[in-house]
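Each chain is listed here by its residues.
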There are 2 protein chains.
Amino acid sequence: MSAASLDALQKRLGHRFSDAGLLQRALTHRSFGADHNERLEFLGDAVLSLAVSSLLFERFAGSDEGDLTRIRAHLVREDSLYKLALGLGFPQVLRMSEGEARGGGAQRPSILADAMEAVIGASFIDGGYEAARELVKRILGEQIQGSASASEHWGKDAKTALQEWLQARRMSVPTYTITETRGQAHAQTFRVECAVPALSLASSGEGRSRRAAEQDAARRMLDDLIARDKS
Amino acid sequence: MSAASLDALQKRLGHRFSDAGLLQRALTHRSFGADHNERLEFLGDAVLSLAVSSLLFERFAGSDEGDLTRIRAHLVREDSLYKLALGLGFPQVLRMSEGEARGGGAQRPSILADAMEAVIGASFIDGGYEAARELVKRILGEQIQGSASASEHWGKDAKTALQEWLQARRMSVPTYTITETRGQAHAQTFRVECAVPALSLASSGEGRSRRAAEQDAARRMLDDLIARDKS
């Protein structure tokens, strides 16, 4: 790829490589030759995960581990990385074999997502963790901010969110039933079942109070419904 | 927990916390109260993964992504973290509810492994990525060095390793058959099947040469056999 296009890409990434060969390698598919991007992808996958985790940890000071894990999974999934790579113009600079290119490799989501991870890994080797984190923040920062409303909404009151979700689809409200209580009076644990009769679905939640157990069950039901919606 | 035991633990970890409250929180199970370790565990999981990835990346300069991923999975699995936590004396310093403690919570592998991740997450917040990486290197460095021989052995010659594995179990050698060739003469891709008749197993590998495809198939077969051995 030309020096000019490498230069333009580094501007878009917001990271100038001390070793431009690293960026070149990160953009090289294994079909092109031995000096390809798979080891950088291995590293970049972990760099991306930590950078996103740490940004989410700061941004969502009130969210629990389950919420954070869900948001992170959404941000780092192949489809999300593919779109970032497209936006950064990777198809124009990726190196691959002629056969792979003819087969549409430069547009393939898995190849582009892998290259995105490899570029993040390359920035980590080139400039250390802080440099890589800045790159991730630059390309994903808006999405991380944008994740706010949904998570904060669900995190605070899953029962309300679930009720709204069902009403928007003209289904009746869920029912909550205590199915178990454990422990002594001052330290009880409640188990609650949340049922959505219209869909023949039920979820189970636990908590130190009836209300906490209901919220837990509602959140699990919501997760389930949203996962079904997407598939 | 006492200031003396916190102090001793920091010596064993090789990281002195500027904020000892972070370490305290990392050692607090959710049954104990609101200020528990689950968010730190979320972060620590990602810190651990990157630190191990980066140490493996340097140590195994010749290993491919598949090898690195396998070794990493082995190092960060629950059982491995549980043993580290035991060795560091976590059962003596963990905070949890009386009920959880009576039920043997302080010895439970999942609780100890989670606390190990949370402590790594706490060191990351306290001292940044480099401090957390040093902690991981201190507690896992030997195992990372020890991973060497197996991976290097398999990485270099999976066919030999597979043959040795089978012979040690008095089984006959595997057979390799080309099942497909694609592409033009100068850029062919081979697909090879590796069969182990004694076990009625077969694996399939790909490569740019017959030999590379055989090595790939042999490595997949070995992975499969070793996974079966463990389960």
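Given the structure is predicted, the values throughout are model-derived calculations rather than measurements.

1. Things to note about the overall build of chain A
Thought 1: The number of helices and strands found in chain A is 11 helices and three strands.
Thought 2: Going residue by residue from the N terminus, the α and β elements of chain A occur as α-α-α-α-α-α-α-α-α-α-β-β-β-α.
Thought 3: Relative to its full complement of 231 residues, chain A shows a buried share of 49%.
Thought 4: Here the analysis covers contacts within chain A between residues at least 6 apart in sequence; of these, 55% occur between residues at least 24 apart.

2. Re the interface of chain A and chain B
Thought 1: Listed as interface residues are 29 residues of chain A and, on the opposing side, 29 residues of chain B.
Thought 2: On the chain A side of the contact with chain B, Arg 39, Phe 42 and Phe 57 of chain A bury the most area, a combined 35% of that side's loss.
Thought 3: Applying the counting rule to chain A against chain B returns zero salt bridges.
Thought 4: When residues of the side of chain A that touches chain B are traced back to their parent elements, those giving at least two are α3 (38-59), α4 (65-76) and α8 (109-146) of chain A.
Thought 5: Here the side of chain A that touches chain B is composed, by residue class, of 13 nonpolar, eight polar and eight charged.

3. Observations concerning the relation of the copies chain A and chain B
Thought 1: Taken as rigid bodies, chain A and chain B are interconverted by a rotation of 180° and an axial shift of 0.0 Å, the fit giving an RMSD of 0.1 Å. The transformation just described matches what one would write down for a two-fold rotation axis.
Thought 2: Most of the interface of chain A is mirrored in chain B, where 97% of its interface residues again form contacts.

4. Here's the deal with the sheet that holds strand β3 (residues 201-207) of chain B
Residue and element names in this part refer to chain B.
Thought 1: Ordered by their spatial adjacency, three strands build an open sheet running β1-β2-β3, and the pairing between neighbours is antiparallel. In the strand order of this sheet, the two ends are held by β1 (175-182) and β3, each with one partner. Across this sheet, the average inter-strand angle for adjacent strands is 20°, counted without regard to direction.
Thought 2: Pairing of β1 with strand β2 (residues 189-196) involves seven bridges; the strand directions are antiparallel. By the bridge assignment, Thr 181 is partnered in β2 with Phe 190.

5. Digging into the domain arrangement of chain A
Thought 1: Per the domain assignment, the segments making up chain A are domain 1 (3-150) and domain 2 (157-230).
Thought 2: In this structure, domain 1 of chain A and domain 2 of chain A have C-alpha centres spaced 37 Å apart.

6. Concerning the pattern of salt bridges
Note on pairing: side chains with opposite charge can pair once their charged atoms come close.
Residues and elements named next belong to chain A.
Thought 1: Taken as a whole, this structure holds 38 salt bridges over all chains when the rule is applied.
Thought 2: Among the ionic pairs, Arg 25 bridges to Asp 35, the shortest N-O distance being 2.9 Å. Residue Arg 25 is found in helix α2 (residues 20-26), and its partner Asp 35 is found in the loop between α2 and α3; the two are separated by 10 residues along the sequence.
Thought 3: Residue classification places Arg 25 among the partly exposed residues on the basis of a relative accessible area of 28%.
Thought 4: With relative accessibility at 45%, the residue Asp 35 sits in the partly exposed group.
Thought 5: Close ionic contact of Glu 206 with Arg 182 constitutes a salt bridge, the shortest N to O distance being 3.5 Å. Here Glu 206 is found in strand β3 (residues 201-207), whereas its partner Arg 182 is found in strand β1 (residues 175-182), with 24 residues between them in sequence.

7. Looking at α3 of chain A
Thought 1: Between the first and last C-alpha of α3 of chain A there are 31 Å, a value that for 22 residues agrees with the 32 Å anticipated at 1.5 Å per step.
Thought 2: Counting buried positions along α3 of chain A gives 19 out of 22 residues, so the element sits mostly inside the fold.

8. Some details on the packing of aromatic side chains
Thought 1: Under the defined criterion, the tally for this structure stands at three aromatic pairs over all chains.
Thought 2: Judged by centre distance (5.9 Å) and plane angle (75°), the ring pair of Phe 124 of chain A and Tyr 129 of chain B falls under edge-to-face. One end of the pair, Phe 124 of chain A, is in helix α8; the other, Tyr 129 of chain B, is in helix α8 (residues 109-146), on a second chain. In this structure, Phe 124 of chain A and Tyr 129 of chain B share a single accessibility class: buried.
Thought 3: Through successive ring pairs, a cluster of aromatic residues spans Phe 124 and Tyr 129 of chain A together with Phe 124 and Tyr 129 of chain B.
Thought 4: Across the ring face of Tyr 176 of chain A, the terminal group of Lys 159 of chain A is positioned such that the distance to the ring centre comes to 4.8 Å.
Thought 5: Over the aromatic face of Trp 165 of chain A sits the side chain of Arg 169 of chain A, whose NZ or CZ is 3.7 Å from the ring centroid.

9. Section: the nonpolar core
Thought 1: If you look at the biggest cluster of nonpolar residues, it comprises 102 residues, and the most contacted ones within it are Leu 50, Phe 90 and Met 116 of chain A together with Leu 50, Phe 90, Met 116 and Leu 140 of chain B.
Thought 2: Ignoring anything within four residues of it in the chain, the contact list for Leu 140 of chain B reads Leu 48, Val 52, Leu 75, Ser 80 and Leu 84 of chain B.

10. Details of the packing of helix α5 (residues 78-87) of chain A against α8 of chain A
Each pair of packed helices can be described by the angle between their axes along with the distance between the axes.
Residue and element names in this part refer to chain A.
Thought 1: Viewed as axis vectors pointing N to C, α5 and α8 meet at an angle of 80°, and their least axial separation amounts to 6 Å. Taken together, α5 and α8 sit at an angle that is classed as roughly perpendicular. Where α5 approaches α8, its residues Glu 78, Ser 80, Leu 81, Tyr 82, Leu 84, Ala 85 and Leu 86 are matched on the opposing element by Pro 109, Ser 110, Leu 112, Ala 113, Met 116, Glu 117, Ile 139, Leu 140 and Gln 143.
Thought 2: Residue composition of the contact of α5 with α8, by class: 11 nonpolar, three polar and two charged.

11. Section: the side chain of Ser 123 of chain B
Thought 1: Mapped onto the fold, Ser 123 of chain B is located in helix α8.
Thought 2: Not counting the four nearest positions on each side in its chain, Ser 123 of chain B is found in contact with His 15, Phe 17, Gly 128, Ala 131, Ala 132 and Leu 135 of chain B.

Reading the values: the criteria
Residues numbered from 1 in each chain as written. Chains lettered and ligands numbered in written order. Predicted model: local features only at pLDDT ≥ 70, side-chain atom pairs only at ≥ 80, totals over all residues. Heavy atoms only, no water. Helix = DSSP H or I, 4+ residues; strand = E, 2+ residues; numbered from the N terminus. Buried < 20%, exposed > 50% of the residue type's maximum accessible area, 1.4 Å probe, protein only. Contact = heavy atoms within 4.5 Å. Buried area = accessible area lost by both parts, 1.4 Å probe. Salt bridge = Lys/Arg side-chain N within 4 Å of Asp/Glu carboxyl O. Nonpolar A, V, L, I, M, F, W, Y, C, P; charged D, E, K, R; others polar. Least-squares fit on C-alpha atoms with pLDDT ≥ 70 in both. Pairing = 2+ DSSP bridges. Axes fitted to C-alpha atoms, helices over the stretch in contact; angles between N-to-C directions. Domains from an automatic or database assignment. Expected span 1.5 Å × (residues − 1). Phe/Tyr/Trp six-rings, centres within 6.5 Å; stacked < 30°, edge-to-face > 60°. Lys NZ or Arg CZ within 6 Å of the ring centre and 35° of its normal. Core = buried A, V, L, I, M, F, W, Y, C linked by side-chain atoms within 4.5 Å. Parallel < 35°, antiparallel > 145°, perpendicular 65-115°, else oblique.

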